[in-house]
Structure formats: C-alpha cells, structure tokens
Amino acid sequence: KKSSLTEVKIAVLGAPSVGKSALIVRFLTKRYIGEYDHQTENRYKHEAMVDSEPILFEILDTCPKAGEDELPNTAEIVQWADGLLLVYSITDRYSFNYIRKAKADLHSDTPVALVANKVDMVHLRQVSTEEGDILAKDFDCKFCEVSAAEHVGQVADAFQDLCREVLASRRKS
Ligand code: GDP
Ligand code: MG
C-alpha cells in the first residue's frame, strides 16, 4: 500500500438508473459502456492527479433497490465516505426529488456535490438547469450537468471538484 497517497473516499448516491455506474466507469476508464450490473455494490480504487497532487480515489457505487425511497445503508455509507456525489437524471423528476429527500435524511455535513446526468437527452428533460442550481445553493455545493454517455472531461471534473471540497474541509478541521 502506497501510504504517501492522499486517500479520498467518495460514495455515489442516487435513485436507480440515473447513471451512477456509467459516471463512475467514465471517470475510471474514460469509456462509456452503457449497461451495468444493477444488483451489486462495487468499490473501486483509482489514482488520479488533482491540482498536481496524486490522489487515491476510493469510489463506492451504491445501488438502491427500485421503488425504495430510502438510501442504501445510509448511515454506514456516510460514515465511510469523505464526500458524497449526489446524482439525478434530468429525464427523471423522481430522481431529483429522491436527492432532495435523501440529502435531508443524511443529517451530516460530509461534503457533497450535485450532478445532473443524461444532458444528452434534452428532448426528455423533466428537470431544468435552474432547479438544479437552486438545489445546489440549498445544499451549498457545486452543481454540474453532464452526460456519462457523451462527456469525459466534465465527468472527471465532477469527481475532482468534490475531491477539492473534501481536501478543503480536511484543512479546515
Ligand atoms: P445506475 O443504476 O444509477 O447505476 O445507472 P446505470 O449507470 O446503470 O445507467 C442506467 C441506464 O441509463 C443505462 O441504460 C445507461 O446506459 C443509461 N445512461 C447512463 N448514463 C447515461 C447518459 O449520460 N445518457 C444516456 N442517454 N443514458 C445514460
Ligand atoms: Mg449502478
């Protein structure tokens, strides 16, 4: 184990099918695969430079069960994670409300970032950019709209921005 690396643990949370796995795979491999296992919770390790500092990302791909409003083992995940990437899909109003409710249920000041996925599907948009902006202001966090299907850099930026938030909050405490 390379102990010199700064470790940052990120849990990716959101309703089923918003593209959590697709975003993670994009960040890890720069590729878009399209279909992912929906059943298993996966944990990945990934080294990347953030502001010329080598970071060891540990990423938890969570999978809530369809139809359940509850986040999966929230307390455990929040305890484990240094940062939470909260993902909804612009094509899915339910997934936006899910994040709103999930954040309220967290009762934690773990750094978060809000990510709206599937912006390639503008014709099916149900959640406006402005609504995302307003929710992010409410959470006091960064917000971006991305497409796991079409973007590489913007997806990486979302993970890296959250990493910066984590590092900043560590420096403060
Ligand atoms: P998860 O359940 O949140 O992990 O979602 P997945 O990553 O399994 O993605 C759910 C479905 O949405 C899959 O069919 C993906 O191919 C699709 N998907 C994921 N991201 C995007 C995206 O950015 N654009 C489009 N059009 N489809 C996406
Ligand atoms: Mg998944």
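Residues numbered from 1 in each chain as written. Chains lettered and ligands numbered in written order. Predicted model: local features only at pLDDT ≥ 70, side-chain atom pairs only at ≥ 80, totals over all residues.

### Here's the deal with unusual backbone geometry
Then comes step 1: Positive phi, normally seen in glycine, also occurs at Ser 17, with a value near 75°.
Then comes step 2: The topology assignment puts Ser 17 in the loop between strand E1 (6–13) and helix H1 (20–29).
Then comes step 3: According to the C-beta neighbour criterion, Ser 17 is partly exposed, with 17 such atoms within 10 Å.
Then comes step 4: At Ser 52, a position not held by glycine, the phi torsion is positive, near 55°.
Then comes step 5: As for its position among the elements, Ser 52 is in the loop between strand E2 (42–50) and strand E3 (53–61). (Helix = DSSP H or I, 4+ residues; strand = E, 2+ residues; numbered from the N terminus. Buried ≥ 20, exposed ≤ 12 C-beta atoms within 10 Å, placed from the backbone.)

### Describing helix H3 (residues 93–106)
Then comes step 1: The terminal C-alpha atoms of H3, which comprises 14 residues, lie 20 Å apart, in line with the 20 Å expected from a rise of 1.5 Å per residue.
Then comes step 2: Every buried residue of H3 is listed here: Ser 95, Phe 96, Tyr 98, Ile 99, Ala 102 and Lys 103. Angularly, the buried residues of H3 cover 155° about the axis, an arc narrow enough to put them on a single face. Residues of H3 that are exposed and point more than 90 degrees away from the buried face comprise Lys 101 and Ala 104.
Then comes step 3: Those residues of H3 that are buried lie in contact with E1, strand E4 (83–89) and helix H4 (129–139).
Then comes step 4: Within two residues after H3, His 107 carries a phi angle of roughly 50°, on the positive side. (Expected span 1.5 Å × (residues − 1). Arc of directions from axis to C-beta. Contact = placed C-beta atoms within 7 Å.)

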